[in-house]
Amino acid sequence: MTGELAKRSYVIGQTEISARPLAPALYLVATPIGNLADITLRALETLAAADIVACEDTRVSRVLLDRYGIRRRTTAYHEHNAAEAGPRLIAALLAGQSVALISDAGTPLISDPGYRLVGEALDQGIRVVPIPGPSAPLAALTASGLPSDAFLFAGFLPVKIRQRLTRLEALKNVPATLIFFESPRRLAETLSAMVETLGGARKAAIGRELTKTFEEMRTGTLQSLAEHYEAADTPKGEIVICVGPSEATADEPEDIDRLLLSLAAEMPASKAAAEAAKMTGGQKQALYRRLLELKETGKNGEIEKDGDG
């Protein structure tokens, strides 16, 4: 490459910045999920300096690269050509070139085939470098108001109804906030399946078009959200569903009491409540209050109120 195409630089505003040389490695570069201003400076420099930029869709990625004046060689790497494109990228890496891997939006390897390329690179002793940044699941989780100390990203649910219900049943008792991607046209149907399987009382949140002009976060119970989207027109844009963990249920108080007392014998009350919350999916504050009640009623005189919660 010669002339403009050979330049390794990026542009912010009216300022052109030269990219520093990049060591040979596979770089996993997170890109914006909507708002192009969310790109990091490190990501821009990596994309500008890389010998090859591997994209899920070169046309989509070109919009980002053009926005920041990055003129690098691009090649397609996606689910349908991974078997052919992967070995070519590995060969380039083994030859001492640097490869930046990006998806259409967000962090590579999250619901895309990049993990195969990373596995092959590691098997060949090639260095893999994460360049962190935007992620739709994390953006939705942080804005959902749901517990974030433990969460499980479950990707897309199966399209077939029976398989979808089976998958939800398997996730029902996971003591963590569940995060899913979903197609707008299947959102109402999926929420209905969640009400049937997980229970309508669970707290949940729907993130739509995150970081974009018409960004929306709608929160409520699964039942209320299912009713809303059943009655509403099919939403537009990309969807993230967050479902809170199941609450500690009232029909098993003795088991929960035994768990709390067992944990409190080995650690302070607040820590015991936190551990019980992780194990049962219950709320830490509610479990902490229950632990204090057990002390006050004399069920375990060894439990001491430690004052933190």
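Residues numbered from 1 in each chain as written. Predicted model: local features only at pLDDT ≥ 70, side-chain atom pairs only at ≥ 80, totals over all residues. Heavy atoms only, no water.

Chemist: How do you make sense of the overall build of the chain when you look at a structure like this?
Modeler: Scanning the chain from terminus to terminus reveals eleven helices and twelve strands. Taking the intrachain contacts of the chain between residues at least 6 apart in sequence as the baseline, contacts between residues at least 24 apart amount to 69%. Only carbon and sulfur atoms are counted for the fraction: they give 51% of the accessible area of the chain, which is about 16000 Å². Considering the chain, the positive charge centre built from 35 side chains and the negative charge centre built from 40 side chains are found 5 Å apart. (Helix = DSSP H or I, 4+ residues; strand = E, 2+ residues; numbered from the N terminus. Contact = heavy atoms within 4.5 Å. Areas by Shrake-Rupley, 256 points an atom, 1.4 Å probe, with all protein chains shown as cover. Lys, Arg positive; Asp, Glu negative; His and termini not counted. Charge placed at Lys NZ, Arg CZ, Asp CG, Glu CD.)

Chemist: Quick question: what am I supposed to make of the pattern of salt bridges here?
Modeler: Evaluation of the coordinates by the stated rule reveals 13 salt bridges. Between E16 and K7 there is a salt bridge, with its nearest N and O atoms 2.8 Å apart. The partly exposed category is assigned to K7, whose relative accessible area is 30%. One salt bridge connects E182 with R186, and the closest N-O pair in it is separated by 3.2 Å. Taken together, the shared-partner salt bridges connect R208, E216 and R218 into one network. (Salt bridge = Lys/Arg side-chain N within 4 Å of Asp/Glu carboxyl O. Buried < 20%, exposed > 50% of the residue type's maximum accessible area, 1.4 Å probe, protein only.)

Chemist: Would you explain the sheet that holds strand β5 (residues 74-76) in this entry?
Modeler: Strand-to-strand pairing in sheets goes through backbone hydrogen bonds, with the strands running parallel or antiparallel. A sheet is described by the order of its strands in space; here five strands give the open sequence β5-β4-β6-β3-β7, paired in parallel fashion. In this open sheet, the two edge strands, each paired with only one partner strand, are β5 and β7 (128-131). Taken pair by pair, the neighbouring strands of this sheet meet at an average axis angle of 25 degrees, ignoring direction. Inspection of the sheet shows strand β4 (residues 52-55) paired to β5 by three bridges, in the parallel sense. The residue bridging C55 from the neighbouring strand is A76, located in β5. Lying on the sheet, helix α3 (residues 82-94) is in contact with β3 (26-29), β4, β5 and β6 (99-102); it crosses β4 at an angle near 160 degrees. In the packing of helix α4 (residues 114-123) onto the sheet, contacts are made with β3, β6 and β7, and the angle to β3 comes to roughly 155 degrees. (Pairing = 2+ DSSP bridges. Axes fitted to C-alpha atoms, helices over the stretch in contact; angles between N-to-C directions.)

Chemist: Honestly, the layout of surface pockets in this entry has me stumped. Any pointers?
Modeler: Where empty space is left can be seen by rolling a probe of water-molecule size over the atoms. Volume-wise, the largest pocket comes out at about 500 Å³. Considering the residues around the largest pocket, the lining is formed by 25 residues, among which A105, A136, F156, F181 and E238 are closest to the centre. Elements supplying a minimum of two residues to the lining of the largest pocket: α5 (136-144), β9 (177-182) and β12 (239-243). Across the lining of the largest pocket, the residue classes break down as eleven nonpolar, seven polar and seven charged. Forming the walls of the second largest pocket are 19 residues, and the residues nearest its centre are R202, K203, G244, P245 and E247. Contributing elements (two or more residues each) for the lining of the second largest pocket: β10 (203-208) and β11 (216-221). Grouping the amino acids of the lining of the second largest pocket by side-chain chemistry returns six nonpolar, nine polar and four charged. (1 Å grid on protein atoms, 1.4 Å probe; cavity = no way out; pocket = protein on both sides within 12 Å on 5 of 7 lines; lining within 4 Å. Points joined across faces, edges and corners; volume = space filled by probe spheres on them. Nonpolar A, V, L, I, M, F, W, Y, C, P; charged D, E, K, R; others polar.)

Chemist: Teacher, can you tell me more about the packing of helix α7 (residues 187-198) against helix α8 (residues 222-231) here?
Modeler: When two helices pack together, you describe them by how their axes are tilted relative to each other and by the distance separating the axes. Contact geometry for α7 and α8: axes closest at 9 Å, N-to-C directions at 155 degrees. As the angle between them shows, α7 and α8 are arranged roughly antiparallel. Here α7 runs over α8; the crossing is left-handed. In this structure, α7 uses L187, A188, L191, S192, M194, V195 and L198 to contact α8, whose residues at the interface are L222, Q223, L225, A226, Y229 and E230. Of the residues contributing to the contact of α7 with α8, the split by class is ten nonpolar, two polar and one charged. (Parallel < 35°, antiparallel > 145°, perpendicular 65-115°, else oblique. Left-handed = near helix turned anticlockwise from the far one by under 90°.)

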